[in-house]
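Chain by chain, the residues run as shown.
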Amino acid sequence: RKEVEQDPGPFNVPEGATVAFNCTYSNSASQSFFWYRQDCRKEPKLLMSVYSSGNEDGRFTAQLNRASQYISLLIRDSKLSDSATYLCVVRSGGSYIPTFGRGTSLIVHP
Amino acid sequence: NAGVTQTPKFRVLKTGQSMTLLCAQDMNHEYMYWYRQDPGMGLRLIHYSVGEGTTAKGEVPDGYNVSRLKKQNFLLGLESAAPSQTSVYFCASRITGNAFAYEQYFGPGTRLTVT
């Protein structure tokens, strides 16, 4: 089983739709969780950290479910500009090295 | 602040040639990383450094060497390039700190083709 797994998609949604991605992780000692966004042929950039209590930033909501070992990202009112690949990142306590998922591709169409 | 910069942006090498990729950061970050990204494979860690003068192997270190002589620079070397090293190479850096002070800042990438 891979350490961090994501559905590669693509998720193809119309503008204004709500879309959700999940990411599962295998290491129960994982402590830090993040969502990064990567545009085509560009570098990854931090979208949001995922806190135990969940967090929201505008149209984006991230949740952590430790019992089932997954994190989720919900995007409301999708925009064309949300089209990108979303990378899940997990880090175990005491480790210098984060583990990246392979990403979920989102395509928002008019 | 320029953030993380990478040199060169593009390069074409012939099999067997050598080259060095330069990563520079002006954020005084302790940790630096080199990744490669291939279609369908996601980001894979090549080498990393937790401070000036230190380096360690990542997931796919074979065929690469690194050096961190100065805190702000992290060099990735290919001694004898192979077509399997055709990839996009990203450098990243971050500060030390608690679990959530963990944002990695990435450079714009180097697109390397080995023929």
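Refer to the structure presented above.
Described below are features of the structure shown in this document.

Parameters and conventions
- Residues numbered from 1 in each chain as written.
- Chains lettered and ligands numbered in written order.
- Predicted model: local features only at pLDDT ≥ 70, side-chain atom pairs only at ≥ 80, totals over all residues.
- Heavy atoms only, no water.
- Pairing = 2+ DSSP bridges.
- Helix = DSSP H or I, 4+ residues; strand = E, 2+ residues; numbered from the N terminus.
- Axes fitted to C-alpha atoms, helices over the stretch in contact; angles between N-to-C directions.
- Contact = heavy atoms within 4.5 Å.
- Buried area = accessible area lost by both parts, 1.4 Å probe.
- Salt bridge = Lys/Arg side-chain N within 4 Å of Asp/Glu carboxyl O.
- Polar contact = N/O pair within 3.5 Å; in protein donor to acceptor, adjacent residues only side chain to side chain.
- Nonpolar A, V, L, I, M, F, W, Y, C, P; charged D, E, K, R; others polar.
- Buried < 20%, exposed > 50% of the residue type's maximum accessible area, 1.4 Å probe, protein only.

1. Things to note about the sheet that holds strand β7 (residues 65–67) of chain B
Residues and elements named next belong to chain B.
Thinking step 1. Read across the open sheet, the four strands follow the order β1-β3-β8-β7; overall the sheet is antiparallel. The sheet is open, and its two borders are formed by β1 (4–7) and β7, each paired with just one other strand. Taken pair by pair, the neighbouring strands of this sheet meet at an average axis angle of 20°, ignoring direction.
Thinking step 2. Of the pairings in the sheet, the one linking β7 to strand β8 (residues 73–78) comprises three bridges and is antiparallel in character. Counterpart to Ser67 in the pairing with β8 is Leu75.

2. Remarks on the interface of chain B and chain A
Thinking step 1. On the chain A side, the residues contacting the 22 residues of chain B number 20 residues.
Thinking step 2. With both chains or domains summed, chain B and chain A bury close to 1,900 Å², and 61% of this area falls on carbon and sulfur atoms.
Thinking step 3. For the pair chain B and chain A, the number of links is zero salt bridges.
Thinking step 4. Applying the counting rule to chain B against chain A returns three residue pairs in polar contact (both at pLDDT 80 or more).
Thinking step 5. Here the residues of the side of chain B that touches chain A are counted per class, giving 14 nonpolar, five polar and three charged.

3. Description of the pattern of salt bridges
Thinking step 1. Inspection of the entire model under this criterion finds seven salt bridges over all chains.
Thinking step 2. The salt bridge partner of A:Asp39 is A:Arg37, with a shortest N-O separation of 2.8 Å.
Thinking step 3. As a salt-bridge pair, B:Arg44 and B:Asp38 come within 2.8 Å of each other at their nearest N and O atoms. When sorted by exposure, B:Arg44 lands in the same class as B:Asp38, which is buried.
Thinking step 4. Taken together, the shared-partner salt bridges connect B:Arg36, B:Asp38 and B:Arg44 into one network.

4. Structural notes on the side chain of B:Arg44
Thinking step 1. Relative to the helices and strands, B:Arg44 is located in strand β5 (residues 42–49).
Thinking step 2. Assessed through its relative accessible area of 18%, B:Arg44 is described here as buried.

5. Here we look at the sheet that holds strand β8 (residues 70–75) of chain A
Residue and element names in this part refer to chain A.
Thinking step 1. If you trace the five strands from one edge of the open sheet to the other, you get β1-β3-β8-β7-β6, paired in antiparallel fashion. In this open sheet, the two strands that pair with only one neighbour each are β1 (4–6) and β6 (55–57). In this sheet, adjacent strand axes meet at a mean angle of 20° when their direction is disregarded.
Thinking step 2. Note: strand β3 (residues 19–25) against β8, six bridges, orientation antiparallel. Its bridge partner lying in β8, Thr24 is registered against Tyr70.

Shape is all these values report; function is a separate question.
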